[in-house]
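So the chains spell out like this:
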Amino acid sequence: LLVAYIPPAQTGSITVDMAAMGGRVRARWFDPTSGDYLGAGNGLANTGQRVFTPPGINSGGQTDWVLVLDLATLRNRNRPLRWRPLSSEPFKPR
């Protein structure tokens, strides 16, 4: 599992060393203001470097995102890329 927070001050793309992962990778962007996930790739090779570009403005009107990389497995391959938490309230850090 690799999780990278991209703050609003970060502009442009980020580069990830995919060799840090232990197999094929599923990549998702997590919107911290809504709890939604947006797909960024599935079955990605765990070799070399890969550039990820944040999707732009999130649902809260900001540009912060969380890149989540985990192993692409049969179990998660068919799960929806968008997910909404049980609460309809936006996430508020403490």
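The structure under discussion appears in the preceding block.
The structure displayed is predicted, hence computed values, not measured ones.

1. A look at the overall build of the chain
At step 1: Along the chain, the regular secondary structure elements total one helix and six strands.
At step 2: Secondary structure of the chain in N-to-C order comes out as β-β-β-β-β-β-α.
At step 3: Residues counted as buried form 33% of the 94 residues belonging to the chain.
At step 4: Excluding contacts between residues fewer than 6 apart, the proportion of contacts in the chain whose partners are at least 24 apart in sequence is 71%.
At step 5: When the accessible surface of the chain is split by element, carbon and sulfur atoms take 54% of a total near 6,000 Å².

2. A word on the packing of aromatic side chains
At step 1: Using the criterion set out here, one finds one aromatic pair in the structure.
At step 2: The interplanar angle of 50 degrees and the centroid separation of 5.1 Å between the aromatic rings of phenylalanine 30 and tyrosine 37 together place this pair among those described as tilted.
At step 3: For tyrosine 37, a relative accessible area of 16% gives the class buried.
At step 4: The residue whose ring lies beneath arginine 28 is tyrosine 37, and the NZ or CZ to ring-centre distance is 4.2 Å.

3. Considering the pattern of salt bridges
At step 1: The final tally for this structure, using the stated rule, is two salt bridges.
At step 2: Across the pair aspartate 70 and arginine 26 runs a salt bridge whose closest N-O atoms are separated by 2.7 Å. Here aspartate 70, found in strand β6 (residues 65–71), pairs with arginine 26, found in strand β3 (residues 25–30); they are 44 residues apart in sequence, far enough to count as distant. Taken individually, aspartate 70 and arginine 26 each receive the classification buried, so the pair is uniform in this respect.
At step 3: The salt bridge partner of aspartate 70 is arginine 28, with a shortest N-O separation of 3.5 Å. Of this pair, aspartate 70 sits in strand β6 while arginine 28 is found in strand β3, placing the two residues 42 residues apart along the sequence. Like aspartate 70, the residue arginine 28 is buried in the burial classification.

Rules used throughout
Residues numbered from 1 in each chain as written. Predicted model: local features only at pLDDT ≥ 70, side-chain atom pairs only at ≥ 80, totals over all residues. Heavy atoms only, no water. Helix = DSSP H or I, 4+ residues; strand = E, 2+ residues; numbered from the N terminus. Buried < 20%, exposed > 50% of the residue type's maximum accessible area, 1.4 Å probe, protein only. Contact = heavy atoms within 4.5 Å. Areas by Shrake-Rupley, 256 points an atom, 1.4 Å probe, with all protein chains shown as cover. Phe/Tyr/Trp six-rings, centres within 6.5 Å; stacked < 30°, edge-to-face > 60°. Lys NZ or Arg CZ within 6 Å of the ring centre and 35° of its normal. Salt bridge = Lys/Arg side-chain N within 4 Å of Asp/Glu carboxyl O.

So yeah, pure geometry; function would need other evidence.
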